[in-house]
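So you can see what is in the structure, the chains are spelled out below.
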Amino acid sequence: MYEERAARLDGAVVWTRAPASGDGAARPPEPYAVLPDGCMDLMWCDGRLLVAGPDTRAFVPENPAAHYAGVRFAPGDAPALLGVPARELRDRRIGLGALWGEARARRLGERVAEASDPAAALEELVLRRALEAPAPDPLLRAVVRRLNAGRPVAETAEAVGIGARQLHRRSLDAFGYGPKTLARVLRLQRALALVRAGLPYTEAALRAGCSDQAHLARETRTLAGTTLTAYAAAWAKRETPQPSGSSTTA
């Protein structure tokens, strides 16, 4: 079962995933795909702290953990807090020890594991870290807002007062990929949200900023690794009395 809530850290989300219970016993973890969303996560997975970098394609865990707790950061916020450029973690999952040192990561992981609410403990860890890290860059947040509103990359660069090349370089460090890829990822998320809300594919495509339904279908295959029909069917299945999922899974 997947659940999420707004974190006390601005723009972040706290989430958990655990096996669904049935007939008095926990079911094994079900396979799932994490879709690109422009974000990075700090996760506690069966006792270990991991960092999920920005994805450019659907990620399917080979051996899903039984219990997860995570903090999903707003696009562009995680690199300063974690101390690593996003481009170095693109399409990767690595142990926090590779960034903060194994001994420290182990101590922090044990602290989260011993807490009665691992998700809350992980959130506290992130809040303490945020006090030491640079504040989110308002320019990057403006970039995300404009791209998520469907504005062109060139227009966005001009609006925030930097050149296209500089925007690309800063986007690699902040988001893990260039602004055009970020715009595609955000557009897909907008479209899939509309599909989940029940809009016809053509209307969802046009409202999200795709040229037509075929354009959305291609982007769904490329970025999400699935078809619109399969995605909608999987979401409908989750909306029945079964484990629910997040907007970033299929």
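Residues numbered from 1 in each chain as written. Predicted model: local features only at pLDDT ≥ 70, side-chain atom pairs only at ≥ 80, totals over all residues. Heavy atoms only, no water.

1. Focus on the packing of aromatic side chains
Piece 1. In total, this model carries 2 aromatic pairs according to the counting rule given.
Piece 2. When the centroid spacing of 6.0 Å and the interplanar angle of 20 degrees are considered together, the rings of Y2 and W15 count as stacked. With Y2 in strand β1 (residues 2-6) and W15 in strand β2 (residues 13-17), this residue pair connects regions lying 13 residues apart in the sequence. Pair check on accessibility: Y2 and W15 agree, each one buried.
Piece 3. Note on W15 and Y68: the rings are 6.2 Å apart at their centroids and 35 degrees apart in plane angle, and the pair reads as tilted. Of this pair, W15 sits in strand β2 while Y68 sits in strand β7 (residues 68-73), and the two are 53 residues apart along the sequence. (Phe/Tyr/Trp six-rings, centres within 6.5 Å; stacked < 30°, edge-to-face > 60°. Helix = DSSP H or I, 4+ residues; strand = E, 2+ residues; numbered from the N terminus. Buried < 20%, exposed > 50% of the residue type's maximum accessible area, 1.4 Å probe, protein only.)

2. Section: the pattern of salt bridges
Piece 1. Taken as a whole, this structure holds 17 salt bridges when the rule is applied.
Piece 2. Ionic pairing is found between E123 and R8, a salt bridge with its closest N-O pair at 3.6 Å. With a gap of 115 residues between them, E123 in helix α4 (residues 118-132) and R8 in the loop between β1 and β2 connect regions that are remote in the sequence.
Piece 3. For D77, the salt bridge goes to R141, with nearest N and O atoms at 2.5 Å. Here the residue D77 occupies a position in the loop between β7 and α1 (78-82), and R141 occupies one in helix α5 (residues 138-148), the gap between them amounting to 64 residues.
Piece 4. For D77, a relative accessible area of 13% puts it in the buried group.
Piece 5. Three or more residues are tied together by salt bridges with common partners; here these are E4, D37, D41 and R72. (Salt bridge = Lys/Arg side-chain N within 4 Å of Asp/Glu carboxyl O.)

3. Details of the packing of helix α8 (residues 179-196) against helix α9 (residues 201-208)
Piece 1. Interhelical geometry of α8 versus α9 gives an angle of 145 degrees and a closest axis separation of 8 Å. Crossing of α8 over α9 shows right-handed handedness. Residues R187, R190, A191, L194 and V195 of α8 pack against Y201, A204, R207 and A208 of α9.
Piece 2. Class assignment of the residues belonging to the contact of α8 with α9 gives a composition of 6 nonpolar, no polar and 3 charged. (Axes fitted to C-alpha atoms, helices over the stretch in contact; angles between N-to-C directions. Left-handed = near helix turned anticlockwise from the far one by under 90°. Contact = heavy atoms within 4.5 Å. Nonpolar A, V, L, I, M, F, W, Y, C, P; charged D, E, K, R; others polar.)

4. Some thoughts on the side chain of R129
Piece 1. Along the chain, R129 turns up in helix α4.
Piece 2. Comment: no salt bridge for buried R129; closest opposite-charge side chain is E132, at 4.1 Å. (Lys, Arg positive; Asp, Glu negative; His and termini not counted.)

5. Brief notes about the nonpolar core
Piece 1. Counting 31 residues, the largest nonpolar core has L42, V51, F73, L82 and L96 as its most contacted members.
Piece 2. Counting residues per element, the ones that place at least two in this core are β5 (40-45), β6 (48-52), β7, α1, α3 (102-114) and α4.
Piece 3. Per element, the largest residue contribution to this core is 6 residues, and it comes from α4.
Piece 4. Setting aside residues up to four positions removed in sequence, F73 forms contacts with L9, G11, A12, C39, M40, D41, L42, A78, L81 and V126. (Core = buried A, V, L, I, M, F, W, Y, C linked by side-chain atoms within 4.5 Å.)

6. Focus on a positive patch on the surface
Piece 1. On the surface, R104, R106, R107, R111 and R128 cluster together into a positively charged patch.
Piece 2. Residue contributions to the positive patch peak at 4 residues, all from α3.
Piece 3. Here R107 is to be found in helix α3. (Patch = residues over 30% accessible without salt bridge, like charges linked within 9 Å, V, L, I, M, F, W, Y side chains within 5 Å. Areas by Shrake-Rupley, 256 points an atom, 1.4 Å probe, with all protein chains shown as cover. Charge placed at Lys NZ, Arg CZ, Asp CG, Glu CD.)

7. Some remarks on α9
Piece 1. Listed as buried for α9 are A204, A205 and A208. For α9, the buried positions fall inside an angular range of 100 degrees around the axis, keeping them on one side.
Piece 2. As for α9, its buried residues are in contact with α8 and α10 (213-224).
Piece 3. With its phi angle positive at about 115 degrees, G209 sits one or two positions after the end of α9. (Arc of directions from axis to C-beta.)

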